[in-house]
Amino acid sequence: QVQVTESGGGLVQPGGSLRLSCVWSGDIGAIKNMAWQRLGPMTGREVVAELDSSGLDNYPNAVKGRFFITRDAAKNTVYLQMNNLKPEDTAVYYCHIGSIQGAVEYAHWGAGTRVTVSS
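Residues numbered from 1 in each chain as written. Predicted model: local features only at pLDDT ≥ 70, side-chain atom pairs only at ≥ 80, totals over all residues. Heavy atoms only, no water.

## Observations concerning the environment of Thr116
Here Thr116 is to be found in strand S11 (residues 113-117). For Thr116, a relative accessible area of 28% corresponds to the partly exposed category. Separated by 102 residues in sequence, Thr116 and Pro14 have C-alpha atoms that sit 9.5 Å apart. Those residues in contact with Thr116, other than ones at most four positions away along the chain, are Gly10, Leu11, Val12 and Thr90. (Helix = DSSP H or I, 4+ residues; strand = E, 2+ residues; numbered from the N terminus. Buried < 20%, exposed > 50% of the residue type's maximum accessible area, 1.4 Å probe, protein only. Contact = heavy atoms within 4.5 Å.)

Below is the structure:
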């Protein structure tokens, strides 16, 4: 089975930065894409970063220029660097990994890590 675990959340003041990590294990197959999604009182459910198989990253306007998604394949890890955090960024952040196994597509999710932005 595949396990996905997020970490790195916590309490940070507005304008601060955090780096979230997502580590996976198990036979995940061929990775198709990766993403970070958040669920919070101000945003609802929102995808905040996407990384496709070619290395192209994409962000919505709410976080563009502040959030950056990267991958370290050797460590089975995807990161979300969050800069200039705002109170509206408060949410539980989830890591998503899309993969292909036996010509079947799968979506893998972690349990999330909580980010609170407050002064």
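## Things to note about the pattern of salt bridges
According to the stated counting rule, one finds four salt bridges in the structure shown. Of the charged contacts in the structure, one is a salt bridge between Glu46 and Arg38, with a shortest N-O distance of 3.1 Å. Taking the relative accessible area as the measure of exposure, Glu46 reaches 19% and is therefore buried. Given a relative accessible area of 2%, Arg38 falls into the buried group. We note a salt bridge from Arg66 to Asp89, for which the minimum N-O separation is 2.8 Å. Placement of the pair is Arg66 in the loop between strand S6 (57-58) and strand S7 (67-72) and Asp89 in the loop between strand S8 (77-82) and strand S9 (91-101), with a sequence separation of 23 residues. Bridged by salt links that share partners, the residues Arg38, Glu46, Arg66 and Asp89 form one connected network. (Salt bridge = Lys/Arg side-chain N within 4 Å of Asp/Glu carboxyl O.)

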